[in-house]
Structures are given as structure tokens and as C-alpha cells.
Amino acid sequence: MKYDVIVIGSGLGGLICARQLAQSGRSVLVLEHQRQPGGCLQSYRRGNLEFDTGLHYVGGLAEGQPLHDVFEEIGLLKLPWQRLDANGFDQITIGRQTYPLAEGFENFADTLASFFPQQHNALKQFVGLLRNLPSFEESSHVNAYDYLTSLFHDPLLVNVISAAAMKMELRRESLPLFNFVHGLSSYVQSSWRLKGSGNLIVNSLVNDIKAAGGEICCGAEVRRLEEQGGKIVAARCPNGRMFEGSLFISDVHPQLTFSWLKDSNLLKGIFRRRINTLENTFGMFTVSLVLKPGELPYFNHNKYVYRKANVWTFSEDVGGVGGVMVSARVPEDGTEFVRQIDLLTPMPWEMCHHWEKTTVRTSRSTVRTSRSTVRTSRSTIGRRGEIYELQKERMADDCIRLAERVIPGLSKMVEKRYTSTPLTWRDYTLSPCGSAFGVRKDSRAPLLTMLSPKTPIPNLFLTGQSLVLHGLEGVTRTAFNTLSAAVGISEK
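Residues numbered from 1 in each chain as written. Predicted model: local features only at pLDDT ≥ 70, side-chain atom pairs only at ≥ 80, totals over all residues. Heavy atoms only, no water.

1. A closer look at the overall build of the protein chain
- Of the regular secondary structure elements, the protein chain holds 16 helices and 19 strands.
- Compactness check: the protein chain gives a C-alpha radius of gyration of 22 Å against a globular reference of 23 Å for 492 residues, within 12% of the reference.
- Based on the C-alpha atoms only, the size of the protein chain along its principal axes is roughly 65 × 50 × 45 Å.
- Taking all 492 residues of the protein chain together, 60% fall into the buried category.
- Once local pairs closer than 6 in sequence are excluded, the contacts in the protein chain between residues at least 24 apart make up 72%.
- On the protein chain, roughly 20,300 Å² of surface is accessible, and the fraction owed to carbon and sulfur atoms is 48%.
- If the 56 positive side-chain charges of the protein chain are averaged to one point and the 48 negative ones to another, these points end up 7 Å apart. (Helix = DSSP H or I, 4+ residues; strand = E, 2+ residues; numbered from the N terminus. Rg over C-alpha atoms; globule rule 2.2 N^0.38 Å. Buried < 20%, exposed > 50% of the residue type's maximum accessible area, 1.4 Å probe, protein only. Contact = heavy atoms within 4.5 Å. Areas by Shrake-Rupley, 256 points an atom, 1.4 Å probe, with all protein chains shown as cover. Lys, Arg positive; Asp, Glu negative; His and termini not counted. Charge placed at Lys NZ, Arg CZ, Asp CG, Glu CD.)

Encoded structure:
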């Protein structure tokens, strides 16, 4: 069978594209290399509990805010969302002092001004920027750190405003102001958690795709895109299966996507070099904790904890974990106590380099990255060894100790803990170096590091977090940009 559209990868961007195209009457096939769809949104189960991988909270879901109408259009607004505390949806602790980030532009500025009264006018100017977000042309070439340090004369305030941006990669020399303010604005408008796992989003989109006649094929790892007559005609898997289509959308990292085109006449050398030399953002180390029942009351905000006022450079420290995000799962057992907490901190690929030729084994098959990026052998598959496990345990201990600055006695509340590293992300999402946010955007070269959905091949399009913006809002907007470029479908 030849499909109208083949979507490769079932992350949020791929599923949104597939849903909209299937509902428009096109025949749609989604190919996913893993055994379940969802990408970074998928959850995994340990015992009777589900744990999230990439989803922790989202901004701008209230009426009139950035994601309200589009989430309503794609059926996600009906999910059980819980709004976080208006007077401090994020609590920033630097050293021993805690600063709340409040909901609402004026409230955000006024609350921080109570700690930094001399900076009130600058804070008002900043929230004016968050309210009226600058365009790509205006702000993609502006360095975020330079902007903040020129606006705010108190370095501590710069750190406080930036501290919740652990959900992006803070790099003083390169992060564009465009990405920084777009990554913050919607959360200031309103912040929300799901009452449940990220699989609620995945299942909603998958069910809509199937209801519209679309198909999802898991365990289908694309290794080659067949090109004929100046366009893609089929996606080929290593077991010989071939899927024919008229239009192709890749929700997989661009470097891997273009590696599937072995002998393309349309991909020039200069284009391949540009894609292959793109740098990627850091990966994340995650500690998922199961707490003993009745130990810790639920807190309806996120906690960001830093040992020192070095938010823009803490991940470069070599003296242990310097910063951690603490996110609580909304209780689902009818009590007021937390059972699950995630601790997240950046983890440079250099800490994983020794094990980069290893991969993980699922219960039935081995999950590998592209042949072009990693080669494995039977002897390296499976557990990565004692040193790797010890490194994870040390980092987990460091994360818990830092989190205890705001949750005293946390270590004694833990019943079980599970850890993941950028190696885990790489093996399950095929993101090079386990990158958490895709391609690194650079204010010094925005047109080179921010990618268009269009490619040199007329029927191949890209979507996902590596293009311009990441996060749920960024990927959702990008998906509709992809749909508009490919077939003229846009947000209502």
C-alpha cells in the first residue's frame, strides 16, 4: 500500500502532524522504532507506578493564552490539567534564600521587586518583553545573557530570573534572546501539571489518529529513505520492510534523518556539512523517586535549587551537582501526600563518553541508534558495568542532598529510586549524545542553527524540537509550521 503521508517518529510533533493529516482525510502511517509511541512524552512503568521522561509542566493553557486554542483543537485541553500556585509556580532557591516566580506579568514583576526594589523598573521593562514577545528577526541574533546583564544591574536577579530555565540549555555565549523569552513567557501567564502521566497526551493523539483511519507501526526503525526522480518514494527498515508514500515528515533528529539519504542527488555537500556540524544541547540526568506513603505533603509548584549563584555556569562545575529541578507528581491515590518526585540536572556527554558504544536491551530486542553514529557488538549490549552504576549512584546522592535544602530529610523518605542518563535518552529517542533539547541554537548564527521544516527534497519535511523552539509549546507550534509548509494546514 502507498500512503499519502508517512510520519517517521512518534514524538509530540510527529503525532500532531499525523493527527491533523489523518483528520483531513489523508492516509497516514506513523513509523516508530520503539515498542511504544510518544518519544520524550512516553512514560515507563515500574511496578504499579508510571514515570515520565520529558514532561513535567506546561505553560499558557488558560483561555486567551498561547496554548489554549491549539490544545483545544488537537483534543488535549480536555485532559486533567492542574494549575500550579499563582503566587509561586516555581520556587527558586539559591544558597539559602528562596524567591517565588509568580503567575501573571505584573505579579511576576512586583513579587521579585519585593526582593530587588532597586530593579522594579527594569522588571517592568522585562515583563513588557514577555507580554509582547519579539519576533525571530528582532531577537534571534540577540544574546540572552548579554541582554539580561545589561537590563538588570544586580547579578543575583539575573540568576533568579534565569533559574527556572533549566528546561532549556543556558549558554552565556550563544543562547538567543528569542528562545529564552519564548521559553519563559507562557509559564508566567499560567503553569500546569497533568494529573497523570505523559501517556495521557500520547494516548489521546494516538486514539485520534486511529479513529481517523491512520496507522501506527511500532518496532519499525527506519534505516534508509529511497529517493527516485528527485523525491522520496519509500522508507526502508533493516528487516527489509519498505513503506511507500507520497509525502514524508521526519520527527527524528535532523542529523539522523539526513543520514538515511545515502546517495541523494539533492543534498549537496555544503548542506550535509552544515547539518553534521550542528552542535547539540546537553542531556539530563534524572532521579525518579518513590516516597514512602504519608511522608511528604504534595507541593503545587516546582523547586529549583542551586548551591551557588551561578545559574548560567553551574553545569560546568566539577565539584558535584550544582543545581537540581524538583518536580512532584500530583497524587493519584486520593491522599494529600506525594508518592513520586523527579530530580533533574544537566549531565554533559563527556561523563557518558566511556560508555557511548553500549546500548540498552529491552525485553525482546536491542534498541540501537543509527549505524552512522554508534556501532555496537554483542559484548557491549546490556548493563554498562559497575563504574557506570556507581557514577549514577553518586549523582543521585548529590541530587538528593541538594534537594534536601528545600525538603529536609528527603533521603529518609525514599522507598525506591530509578535513574536515567543521556545514554538512556540516546538509546530510546535516537537523539545524538542524548540531547535533551535538540540542536543548540546560537545567537551568533541563528540562520544556520535554526532549521526550516522544508528540506532540499520537495516531499520531505522536518518537525520537532531541533528546528526553532523546544518544549510542549515550541514543538506544537513547530508541528503546525510543518503542516503549513507541507500541505497548507495551519492553526485555526
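2. Let's talk about the pattern of salt bridges
- Per the stated rule, a full pass over the model turns up 19 salt bridges.
- Put simply, Glu-279 and Arg-440 hold a salt bridge, and the shortest N to O gap is 2.8 Å. Of this pair, Glu-279 sits in the loop between helix H11 (269–276) and strand S14 (283–291) while Arg-440 is found in the loop between helix H14 (422–429) and helix H15 (446–449), placing the two residues 161 residues apart along the sequence.
- For Arg-440, a relative accessible area of 15% gives the class buried.
- Between Arg-417 and Asp-397 there is a salt bridge; the shortest N-O distance is 2.9 Å. Separated by 20 residues along the polypeptide, Arg-417 in strand S18 (residues 414–420) and Asp-397 in helix H12 (residues 386–403) bring together distant segments of the chain. (Salt bridge = Lys/Arg side-chain N within 4 Å of Asp/Glu carboxyl O.)

3. Observations concerning helix H4 (residues 120–131)
- Here H4 is twelve residues long and its end C-alpha atoms lie 16 Å apart, about the 16 Å a rise of 1.5 Å per residue gives.
- Along H4, the positions that sit buried rather than exposed are Ala-122, Leu-123, Phe-126, Val-127, Leu-129 and Leu-130. Buried residues of H4 fall within an arc of 150° about the axis and therefore sit on the same side. The outward face of H4, more than 90 degrees from its buried face, is lined by the exposed residues Asn-121 and Gln-125.
- Where H4 is buried, its residues contact helix H3 (105–113), helix H6 (144–151), helix H7 (155–163) and helix H8 (177–189). (Expected span 1.5 Å × (residues − 1). Arc of directions from axis to C-beta.)

4. What about the side chain of Ser-197?
- Mapped onto the fold, Ser-197 is located in the loop between strand S9 (191–194) and helix H9 (199–211).
- A distance of 3.0 Å separates the side chain of Ser-197 from the side chain of Glu-50, its partner in a polar contact.
- Once residues lying within four places of it in the same chain are set aside, the contact partners of Ser-197 are Ser-43, Glu-50, Asp-52 and Arg-329. (Polar contact = N/O pair within 3.5 Å; in protein donor to acceptor, adjacent residues only side chain to side chain.)

5. A few points about the sheet that holds strand S6 (residues 81–83)
- Spatially, the three strands line up as an open sheet ordered S5-S9-S6, and their pairing is antiparallel. Since the sheet does not close on itself, it has two edges, and those belong to strand S5 (58–59) and S6, each with one partner.
- In the sheet, S6 pairs with S9 via three bridges, with the strands oriented antiparallel. Of the residues in S9, the one forming a bridge with Gln-82 is Arg-193. (Pairing = 2+ DSSP bridges.)

6. Some details on the packing of aromatic side chains
- Applying the stated criterion across every chain yields a total of 14 aromatic pairs.
- When the centroid spacing of 6.2 Å and the interplanar angle of 25° are considered together, the rings of Phe-180 and Trp-312 count as stacked. Placement of Phe-180 in helix H8 and of Trp-312 in the loop between strand S15 (302–306) and strand S16 (323–328) is noted, with a sequence separation of 132 residues between them. In this pair, the class of Phe-180 matches that of Trp-312, namely buried.
- Members of the aromatic cluster, connected to one another through ring pairs, are Tyr-44, Phe-51 and Tyr-418.
- Just above the ring of Tyr-187 sits the side chain of Lys-167; from NZ or CZ to the centre is 4.5 Å.
- Taking NZ or CZ as reference, Arg-384 lies 5.6 Å from the ring centre of Tyr-388, over its face. (Phe/Tyr/Trp six-rings, centres within 6.5 Å; stacked < 30°, edge-to-face > 60°. Lys NZ or Arg CZ within 6 Å of the ring centre and 35° of its normal.)

7. As for unusual backbone geometry
- The backbone of Leu-430 shows a phi angle near 65°, a positive value even though the residue is not glycine.
- Structurally, Leu-430 can be placed in the loop between H14 and H15.
- Classification of Leu-430 as buried rests on a relative accessible area of 9%.
- Here the phi dihedral of Cys-433 falls at roughly 60°; this positive angle occurs in a residue that is not glycine.
- Note that Cys-433 resides in the loop between H14 and H15.

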